[in-house]
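Summary of structural features
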Amino acid sequence: MARFVIDVMLKPEILDSQGQAVARALPRLGFQGVAGVRQGKRFEIELDGPADEAATERVRKMAETLLANPVIETFELRAE
Amino acid sequence: MTARVGVITFPGSLDDRDAARAVRLAGAEPVPLWHAEAELNDVDAVVLPGGFSYGDYLRAGAIARFAPLMDRLVAAAHDGLPVLGICNGFQVLCESHLLPGALTRNTSLHFVCRAQRLRIENAATDWTRAYEEGQEIVVPIKNIDGCYIADQETLDELESSGRVVARYVDVNPNGSLNDIAGICNEAGNVVGLMPHPEHAVEALTGPSTEGLGFFSSILQRLVGA
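Given the structure is predicted, the values throughout are model-derived calculations rather than measurements.

1. Observations concerning the layout of surface pockets
Of the volumes computed, that of the largest pocket is approximately 490 Å³. Forming the boundary of the largest pocket are 26 residues, of which A:Q18, A:K41, A:E73, B:R59 and B:R105 lie nearest the centre. Within the residue set of the lining of the largest pocket, elements represented by two or more residues are β1 (2-10), α1 (17-28) and β2 (40-47) of chain A together with α3 (88-95) and β5 (102-104) of chain B. Tallied by class, the residues present in the lining of the largest pocket amount to 11 nonpolar, seven polar and eight charged. Of the volumes computed, that of the second largest pocket is approximately 300 Å³. Lining the second largest pocket are 18 residues, and of these A:I14, B:I149, B:A150, B:D151 and B:L177 sit closest to its centre. Among the elements that line the lining of the second largest pocket, the one with the most residues is helix α4 (residues 152-160) of chain B, at three residues. Taken together, the residues of the lining of the second largest pocket break down into 10 nonpolar, five polar and three charged.

Take a look at the structure:
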């Protein structure tokens, strides 16, 4: 069984209003010194077979096609 | 013989019936289409209605984009079929890359529901020819993912080629760049609009009847009415 983790984040130039709301909430809870928060998504995908190059390519294709919107997001992918 | 305008229903669509009603009030024949069908049944135009297809899971419109009927629709739109995407329909059009850019969470993070004033900036598209350029109309808006964004190059191109179809006036309800409420593709047959003209077609239920022009526009285009 191959296991992959894909982190999807808004591109740095895209306003992350949800991350900003979290950043504003933290000091109210007493967490000082928060310089910034970005919010993203994490996907965990399990595939039959080994975590070889072909499997990695398939997951990359999934991320490009569906998991991330390349217009506004970037993704990082790793096998675990 | 009048124009047949398809309205695609996805799981989670909300405004398909209102869209069909607006089509009928404009004088065309609404044709209900189900997302899992494989054929567009020879309709002359298509409306992608508002709502929350697939619960907005992943991203608004991201899963609806891969519905079986969308393959047919994307091909037909490239061949010139008039398509109007309203709200969630606009999000589906962006996810399908029929329109550039993306719709993200409102900068206020609040769901917005109000009567909204718009200015029709381009009255030459298949869906806006019943209006005059610069005409202001009031129609409802209701969304949480309505903030239109695109990179600067795309924005510049939209602006310089007249592809901003409608712009928010008085208040920008969702933080959209350049106050953009709607855009079209290069050919002008595909229009995406965040506000809801189909909810402004009858005095009893709408803030105005000024939304009807989107639907009478397509009738004009198709049958010269």
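2. Observations regarding α1(A)
All names here are of chain A. With 12 residues, α1 should cover 16 Å at 1.5 Å per step; its first-to-last C-alpha distance of 17 Å lies within 8% of that length. Among the residues of α1, S17, G19 and A23 are the ones counted as buried. Burial along α1 is one-sided: seen end-on, the buried residues are contained in an arc of 160°.

3. A closer look at the sheet that holds β2(A)
Residues and elements named next belong to chain A. Within the open sheet, the three strands sit side by side as β2-β1-β3. Their pairing is antiparallel. Only two strands of the sheet have a single neighbouring strand rather than two, namely β2 and β3 (73-79). For this sheet, the mean inter-axis angle between neighbouring strands, taken without regard to orientation, is 20°. The sheet contact formed by β1 and β2 spans eight bridges and is antiparallel. Across the sheet, residue V8 finds its bridge partner in β2, namely K41.

4. Section: empty space enclosed by the protein
Under the counting rule described, the total for this entry stands at one cavity of 30 Å³ or more. Looking at the largest cavity, its volume works out to about 40 Å³. Around the largest cavity, the lining residues are A:E64, A:T65, A:A68, A:N69, A:P70, B:R59, B:R65, B:E95 and B:H97. Its residues placed into classes, the lining of the largest cavity shows two nonpolar, three polar and four charged.

5. So, the side chain of B:T104
Along the chain, B:T104 falls in strand β5. Given a relative accessible area of 12%, B:T104 falls into the buried group. Excluding residues within four positions of it along the chain, B:T104 makes contact with A:I72, B:I144, B:D145, B:G146, B:C147 and B:I149.

6. With respect to the pattern of salt bridges
Residue and element names in this part refer to chain A. Here the structure, examined in full by the defined rule, presents 21 salt bridges over all chains. A salt bridge links R3 to E46; the shortest N-O distance between them is 3.6 Å. Here R3 is found in strand β1, whereas its partner E46 is found in strand β2, with 43 residues between them in sequence. By relative accessible area, R3 is classed as partly exposed at 25%. Here E57 and R60 are joined by a salt bridge, their closest N and O atoms 3.4 Å apart. Of the two residues, E57 and R60 both sit in helix α2 (residues 53-67), three residues apart, roughly one turn of that helix.

7. Brief notes about the sheet that holds strand β9 (residues 164-168) of chain B
Strands pair in a sheet through their backbones, by hydrogen bonds, and they do so in one of two ways: parallel or antiparallel. Residues and elements named next belong to chain B. An order of β2-β1-β3-β4-β11-β10-β9-β6-β7 is seen for the nine strands of this open sheet, with the pairing classed as mixed. Looking at which strands have only one partner, the edges of the open sheet turn out to be β2 (29-34) and β7 (136-143). Between one strand axis and the next, the sheet turns by 25° as a mean value, whatever way the strands run. Sheet topology note: the strand β1 (residues 4-9)/β2 ladder contains six bridges and is parallel. By the bridge assignment for β2, I8 is matched with L33. Packed on one face of the sheet, helix α1 (residues 16-26) meets β1, β2 and β3 (45-48) and runs near 175° to β1.

8. Concerning a nonpolar patch on the surface
Residues and elements named next belong to chain A. There is a patch of nonpolar side chains on the surface, built from L29, F31 and V34 and spanning about 300 Å² of accessible area. Secondary-structure assignment places V34 in the loop between α1 and β2. Exposure remark for V34: the relative accessible area of 34% places this residue in the partly exposed category.

What counts, and at which threshold
Residues numbered from 1 in each chain as written. Chains lettered and ligands numbered in written order. Predicted model: local features only at pLDDT ≥ 70, side-chain atom pairs only at ≥ 80, totals over all residues. Heavy atoms only, no water. 1 Å grid on protein atoms, 1.4 Å probe; cavity = no way out; pocket = protein on both sides within 12 Å on 5 of 7 lines; lining within 4 Å. Points joined across faces, edges and corners; volume = space filled by probe spheres on them. Helix = DSSP H or I, 4+ residues; strand = E, 2+ residues; numbered from the N terminus. Nonpolar A, V, L, I, M, F, W, Y, C, P; charged D, E, K, R; others polar. Expected span 1.5 Å × (residues − 1). Buried < 20%, exposed > 50% of the residue type's maximum accessible area, 1.4 Å probe, protein only. Arc of directions from axis to C-beta. Pairing = 2+ DSSP bridges. Axes fitted to C-alpha atoms, helices over the stretch in contact; angles between N-to-C directions. Contact = heavy atoms within 4.5 Å. Salt bridge = Lys/Arg side-chain N within 4 Å of Asp/Glu carboxyl O. Patch = residues over 30% accessible without salt bridge, like charges linked within 9 Å, V, L, I, M, F, W, Y side chains within 5 Å. Areas by Shrake-Rupley, 256 points an atom, 1.4 Å probe, with all protein chains shown as cover.

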